[in-house]
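# Secondary and tertiary structure notes
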Amino acid sequence: MSSEPKDVSGANEGSPFGGVAVLKSPGPPARWRLGFWSLIVTQFQGAFNDNGLKFLVIYLIVERNFPSNVRDRFILLVGALFAIPFIVFSLTGGYFADRYSKRSVTIGTKLFEIVVGLFAIAALGTGNLTMEAISVFLISTQGALFGPSKYGLLPELLPENKLSWGNGVIELGTFLASITAVMFAGFLADTFRGRHIWSGVVFLGLTMIGLTTSFAISRVPAADPARKFRANPFGDLAEQLRVIAKDHVLAWAVVGNTYLWFLAALLQFVIVVYGHDVLRVDESQISYLQAAVGIGIGSGSLAAGYLSRGKIETRLVPLGGIGMTLFGFLVSRHGLGIWPVRVDLCLLGFFGGFYAVPLNALIQHRPSPEQKGGVIAAANLLSFVGVFLAAGIYFALSSAAHLQPGRIFLAGALMTLAATLHAFFLLPYTPNFSQEI
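Rules of the game
- Within every chain, residues take consecutive numbers counted from 1 along the sequence as written.
- Two thresholds apply to this predicted model, a pLDDT of at least 70 for residue-level local features and 80 or more for giving and counting side-chain atom pairs, whereas whole-chain, interface and lining totals are computed over all residues.
- Where side-chain values are given, they derive from all heavy atoms of the structure, hydrogens and water being excluded.
- The patch calculation keeps residues exceeding 30% relative accessible area without a salt bridge and links them within 9 Å when they carry like charges or within 5 Å when they are nonpolar (Val, Leu, Ile, Met, Phe, Trp, Tyr).
- The accessible surface values rely on the Shrake-Rupley method and a 1.4 Å probe; as for residues, cover is taken only from the protein chains in view.
- Any carboxyl oxygen of Asp or Glu within 4 Å of a side-chain nitrogen of Lys or Arg constitutes a salt bridge here.
- Under the DSSP-based scheme used, a helix requires at least four consecutive residues in state H or I and a strand at least two consecutive residues in state E, with every element numbered from the N terminus.
- Type-normalised accessible area, obtained with a 1.4 Å probe on protein chains alone, sets the label of each residue: buried when under 20%, exposed when over 50%, and partly exposed for intermediate values.
- Side-chain atoms within 4.5 Å link the members of a nonpolar core, which is a set of buried Ala, Val, Leu, Ile, Met, Phe, Trp, Tyr and Cys residues.
- Should any heavy atoms of two residues lie within 4.5 Å, those residues are counted as being in contact.
- The way it works is a 1 Å grid over only the protein atoms, where trapped points that fit a 1.4 Å probe form a cavity and open points with protein on both sides within 12 Å along at least five of seven lines form a pocket, and then any residue with an atom within 4 Å of a point lines it.
- Grid points are joined across faces, edges and corners, and a volume is the space filled by probe spheres set on the points.
- Aromatic contacts are taken between Phe, Tyr and Trp rings whose centres are within 6.5 Å, Trp giving its six-membered ring; a plane angle under 30 degrees counts as stacked, one over 60 as edge-to-face, and the others as tilted.
- Expected span, for any helix, means 1.5 Å times one less than how many residues it has.
- Two axes enter the definition of the bend at a residue: one is fitted to the seven residues ending there, the other to the seven starting there, and the bend is the angle between them.
- Residues are sorted three ways: Asp, Glu, Lys and Arg are charged, Ala, Val, Leu, Ile, Met, Phe, Trp, Tyr, Cys and Pro are nonpolar, and all the rest, Gly among them, are polar.
- A fitted line through C-alpha atoms serves as each axis, taken over the contacting stretch for helices, and the angle formed by two N-to-C directions is quoted from 0 to 180°.
- Working definition: roughly parallel below 35 degrees, roughly antiparallel above 145 degrees, roughly perpendicular at 65 to 115 degrees, and oblique for all remaining angles.
- Crossings are assigned a handedness: left-handed for a near helix turned anticlockwise from the far helix by less than a right angle, right-handed for a clockwise turn.

A cluster of nonpolar side chains, namely Phe 329, Leu 414, Leu 417, Leu 421, Phe 424, Phe 425 and Leu 426, defines an oily patch on the protein surface of about 660 Å² accessible area. When residues in the nonpolar patch are grouped by element, the largest group, five residues, is from helix α13 (residues 405-425). Position of Leu 421 among the secondary structure elements: in helix α13. For Leu 421, a relative accessible area of 45% translates into the label partly exposed.

On to the nonpolar core, then. Of all hydrophobic cores here, the largest spans 109 residues; its most connected members are Phe 36, Leu 56, Leu 154, Ile 271, Leu 345, Tyr 355 and Phe 409. No other element matches helix α8 (residues 248-279), which puts 19 residues into this core. Those residues within four positions of Ile 271 in sequence are excluded, and the remaining contacts are Ile 286, Leu 289, Gln 290, Val 293, Leu 345 and Phe 409. Counting five residues, the second-largest nonpolar core is a separate cluster that includes Ile 107, Ile 114, Ile 121 and Leu 204.

On to empty space enclosed by the protein. As enumerated under the stated definition, the model contains six cavities of 30 Å³ or more in all. For the largest cavity, the calculated volume is near 480 Å³. Taken together, 35 residues make up the lining of the largest cavity; nearest its centre are Asn 51, Thr 174, Ser 178, Trp 261 and Phe 384. For the lining of the largest cavity, the secondary structure elements donating two or more residues are α1 (32-63), α2 (68-99), α4 (129-157), α5 (163-191), α8, α9 (283-308), α11 (338-365) and α12 (372-400).

Next up on the list: the packing of aromatic side chains. Evaluation of the coordinates by the stated rule reveals 24 aromatic pairs. Ring geometry for Tyr 95 against Phe 96: centres 5.5 Å apart, planes inclined by 55°, an arrangement best described as tilted. Residue Phe 96 is classed as partly exposed on the basis of its relative accessible area of 27%. Between Tyr 259 and Phe 262, the aromatic rings sit 5.8 Å apart at their centres with planes inclined by 40°, giving tilted as the arrangement. Of this pair, Tyr 259 and Phe 262 both sit in helix α8, three residues apart, which is roughly one turn of the helix.

Taken as a whole, this structure holds nine salt bridges when the rule is applied. Note that Lys 102 is salt-bridged to Glu 156, the shortest N-O span being 2.6 Å. Taken as a pair, Lys 102 in helix α3 (residues 102-126) and Glu 156 in helix α4 lie far apart in primary sequence, 54 residues in all. A relative accessible area of 22% means that Glu 156 is categorised as partly exposed. Among the salt bridges present, the one from Glu 313 reaches Arg 315, with a minimum N-O distance of 2.6 Å. Arg 315 matches Glu 313 in its accessibility class, with the two residues each being buried. One continuous salt-bridge network, built from bridges that share partners, spans Glu 63, Asp 190 and Arg 193.

Time to look at α2. With 32 residues, α2 should reach 46 Å at 1.5 Å per residue; the first-to-last C-alpha distance of 47 Å fits that figure. If you look at α2, its biggest bend is around 50°, right at Phe 89.

Our next topic: the layout of surface pockets. Quantified by volume, the second largest pocket comes out at close to 210 Å³. Around the second largest pocket sit 14 residues that line it, and Arg 71, Asp 72, Asp 277, Ser 398 and Leu 403 are the ones nearest its centre. Of all elements in the fold, only α2, α8, α12 and α13 reach the threshold of two or more residues within the lining of the second largest pocket. When residues in the lining of the second largest pocket are grouped by element, the largest group, four residues, is from α2. Looking at side-chain class alone, the lining of the second largest pocket contains five nonpolar, six polar and three charged residues.

Okay, the packing of α2 against α4 next. Interaxial distance between α2 and α4 falls to 6 Å at its minimum, and their mutual angle equals 30°. In terms of orientation, α2 lies roughly parallel with respect to α4. The two elements α2 and α4 cross, and the hand of that crossing is right-handed. Within the contact of α2 with α4, the residues separate by chemical class into 18 nonpolar, eight polar and no charged.

The structure is reproduced here in structure tokens:
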């Protein structure tokens, strides 16, 4: 994709929600569809395995009928082990995304995932909880190294006016993968009870599919072949934060994206315990509750991508926040049956898709080409700081404050209300907003 200045114009500048960025491109790169859809399939498989293994381990913990305080500690541990690699290794992934071709990095991380899959087979086959937890850490490390290349590939594979659409598609794929993986983990927990070596074999087979599709991603050049590696994984963080802070639009997007990941992770923890303790349903039914959120986010993301029509439509962010707040309140009500809970969670997720797509598009669009990998890596790191904090906040609310799952939903709605007010009053808008983007 050309690095020449983009033709950007504003629309609806008189709106209280601010302007929109219109991205115009002279035309799509040759054969961009094959490379783009190969990335989507590769990403779907990676997100599926990451979340499937994580929730299989959580289901195996719940099955052991530990006392609730012990169970909550183990869930906190698994949540932390899933988040920590994204905090520690995301900037390393950003270095790889700048220093080497993002396609090559993608293939390399798939090869590493094969090694992780073999370890997971051994862990699940022996039923060793420590090894299973390490497997979650390792699969998350692979995802952290892949993340900056995954998102950095979008503006390199897509015509500029399809960036919001592409973000809608990848968010749809990511959340559908995440939620179908949670459902599939419940299925595996029931089907292979006591024989989970076969669960590991299934995940390894899916990794081989992802490796195959990664070779069909379009070849792209390295963005900064001269970039030097820093042994300290946080060595570039301060620099990337300065880059982000200098651009108030970019900073606004990064803060909003971090909150969304925090909320999504908090909901995942609460839904497992809510289904088990309040609705008293099995793992399969709990996975359907998770599916409701994922289907909502995926469909909302796709709708937001199409509604943007070649623009980065920032006005969708506060609209998404309002919807998430409303349905967060509704799902916290006492005495709901399983179908009202599913509907509320689905609609909460739908508005989460509206919230996510413009923020992701801004994070990918705003940085200069040579800074893109580092900035995306820093945003990825901060999003998993949100995931890590979600594990701690869940533990504090459930074990320290002794809140029931429904009350934790209410707490999440109140936090989302605050995030919505932040999105509304700090929405990047000036009379020259269109020129700034």
